[in-house]
Amino acid sequence: MNYIIGAFKPPCDIFVTFSDERSRKQVPIKKDNGKTAMVPAFQSLETIAGEVSIAPVPGKRLEHTGVKIELLGQIELYFDRGNFYDFTSLVRELDIPGELYERKTYPFEFSTVEMPYETYNGTNVRLRYILKVTIGRNYVGNIVESRDFCVRNYSPVPTINNSIKMEVGIEDCLHIEFEYSKSKYHLKDVIVGKIYFLLVRIKIKNMELEIRRRESTGSGANTYVETETLAKFELMDGAPVRGESIPVRLFLTPYELTPTYRNINNKFSVKYYLNLVLVDEEDRRYFKQQEITMYRLLETPQSS
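Residues numbered from 1 in each chain as written. Predicted model: local features only at pLDDT ≥ 70, side-chain atom pairs only at ≥ 80, totals over all residues. Heavy atoms only, no water.

J.: Sorry, what's going on with the pattern of salt bridges here?
T.: Side chains carrying opposite charge are able to pair once their charged atoms draw close together. Tallied over the entire structure, the rule returns 15 salt bridges. Between Glu46 and Arg24 there is a salt bridge; the shortest N-O distance is 3.0 Å. With Glu46 in the loop between strand E3 (36-42) and strand E4 (48-56) and Arg24 in the loop between strand E1 (12-18) and strand E2 (26-30), the pair connects residues that are 22 residues apart, well separated along the chain. Look at Arg24 and you get buried, because its relative accessible area is 16%. Two residues, Lys104 and Asp95, come together in a salt bridge whose shortest N-O distance is 3.4 Å. By relative accessible area, which is 17% here, Asp95 ends up buried. What you see here is one network of salt bridges that share partners, running through Asp20, Arg24 and Glu46. (Salt bridge = Lys/Arg side-chain N within 4 Å of Asp/Glu carboxyl O. Helix = DSSP H or I, 4+ residues; strand = E, 2+ residues; numbered from the N terminus. Buried < 20%, exposed > 50% of the residue type's maximum accessible area, 1.4 Å probe, protein only.)

Here it is as structure tokens:
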């Protein structure tokens, strides 16, 4: 029995390490098994370097047809699970065909890598970056080991960031104006605004502000749209009167937000909306939705 188990054990261990792993920021990502792992975070145009260490089973010889490492950016649509669309693919040959009798370490470097899209793990789609080591072999399957890392790209403060002003209502029953101070928000921003009641002839019970994320994947007949409510914030409890003004102040830090992604590699989009919801005493719901743009702001260290 021990012999049978040993027959399926790989003939070596492969370790992939980043050169600045200890000093680099680590962020959580979800793995295939549903568990969360901490991985190093990079930005586009950074150099990704490190070492690959291959340790054969003691006393065993590992014959191979070459060793390579690939840096891959991949998109996986869950309705087409198992098929990866590579939008970035770089290769470095680490070793020529030969034999390994003992542990051997290979340095690698990918200079100023263009990684235009952020790591994303959504409802129906996943975008990930991996380092994939392949040990080629004749007659038997190749040995493959992968190491995930995360990409986060930052944006400056927008030079143009117009406020949002809209009117909504039901003829002769309800007329309100809502105003938000801007239309583009960074992930740790605060949504500030006001809601004005110009006409109130229905009995409103409460009012909420929701943050919704809409994920669109695929195209044509294979288009899937998933809308998720990430936050609900009660603005008012009780009936308003004409002329009343309700302030809005919603902090975004507690919520798991990403930047807005528009048509990523023609595979998916992620958009965010503010949804204003009014509920009357008969539990009828009235709402108005407004798209906002989210971005990741580069944080500068505060001087002491």
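J.: Just to check I follow, could you spell out the packing of aromatic side chains for this structure?
T.: The way to describe two aromatic rings as a pair is by their centre distance and the angle between their planes. Enumeration according to the criterion identifies 11 aromatic pairs in this entry. Consider the rings of Phe87 and Tyr129, whose centres lie 5.6 Å apart with planes at 90°: the pair is edge-to-face. Linking Phe87 in strand E7 (residues 84-95) with Tyr129 in strand E11 (residues 125-136), this pair joins segments that are 42 residues apart in sequence. Here Tyr129 falls in the buried class, since its relative accessible area comes to 0%. Between Tyr120 and Tyr261 the ring centres are 5.5 Å apart and the planes differ by 80°, which places this aromatic pair in the edge-to-face class. A residue pair is termed long-range when its members are at least 10 positions apart, and Tyr120 in strand E10 (residues 120-121) and Tyr261 in strand E20 (residues 261-264) qualify at 141 residues. We note that Tyr120, like Tyr261, is buried. (Phe/Tyr/Trp six-rings, centres within 6.5 Å; stacked < 30°, edge-to-face > 60°.)

J.: I keep staring at the confidence of the model for the protein chain and nothing clicks. Help me out?
T.: Caution applies to low-pLDDT regions: their predicted coordinates should not be interpreted in detail. For the protein chain, the mean per-residue pLDDT works out to 89, and 95% of the residues sit at or above 70. The element-level mean pLDDT for the protein chain is lowest in helix H1 (residues 2-7), coming to 47, with strand E9 (residues 104-110) highest at 98. Per-residue pLDDT stays below 50 along residues 1-6; that stretch engages in 0 contacts with residues further than four places along the chain or on separate chains. (pLDDT = per-residue confidence, 0-100. Contact = heavy atoms within 4.5 Å.)

J.: Got a minute to help me understand the nonpolar core in this structure?
T.: One broad rule of soluble globular proteins: the nonpolar side chains tend to lie buried together. Judged by nonpolar contacts, the single largest core of 67 residues is most densely connected at Ile54, Leu131 and Phe149. A domain-level breakdown of this core finds at least three residues from each of domain 1 (12-151) and domain 2 (164-295). Apart from residues lying up to four places away in sequence, Ile54 is in contact with Cys12, Asp13, Ile14, Leu62, Val67, Leu100, Glu102, Arg103, Lys104, Tyr106 and Ile135. Membership of the second largest hydrophobic core comes to 5 residues, among which are Val27, Ile29, Ala41 and Cys150. (Core = buried A, V, L, I, M, F, W, Y, C linked by side-chain atoms within 4.5 Å. Domains from an automatic or database assignment.)

J.: Looking at this structure, how should I read the sheet that holds strand E13 (residues 164-170)?
T.: Strand pairing in a sheet takes place through backbone hydrogen bonds and is either antiparallel or parallel in direction. Strand order in the open sheet made by the 4 strands is E13-E14-E16-E19, with antiparallel pairing throughout. With partners counted over all chains shown, the strands left at the sheet margins are E13 and strand E19 (245-251), one partner each. Across this sheet, the average inter-strand angle for adjacent strands is 20°, counted without regard to direction. As defined by bridge partners, strand E16 (residues 190-200) adjoins E19 across 7 bridges and the pair is classed as antiparallel. Following the sheet pairing, Val190 is matched in E19 by Phe251. (Pairing = 2+ DSSP bridges. Axes fitted to C-alpha atoms, helices over the stretch in contact; angles between N-to-C directions.)

J.: Quick question: what am I supposed to make of the side chain of Glu70 here?
T.: Structurally, Glu70 is set in strand E6 (residues 66-77). No salt bridge is formed by the buried Glu70; its nearest oppositely charged neighbour, Lys68, is found at 4.1 Å. When neighbours within four sequence positions are excluded, Glu70 is seen to be in contact with Leu90, Val91, Phe110, Ile130, Leu131, Lys132 and Thr134. (Lys, Arg positive; Asp, Glu negative; His and termini not counted.)

J.: Can you help me understand the side chain of Thr258 in this one?
T.: Of note, Thr258 is situated in the loop between E19 and E20. Residue Thr258 is classed as buried on the basis of its relative accessible area of 14%. In this view, Thr258 contacts Tyr120, Leu187, Arg213, Val270, Tyr272 and Met294; residues no more than four positions away in its chain are not counted.

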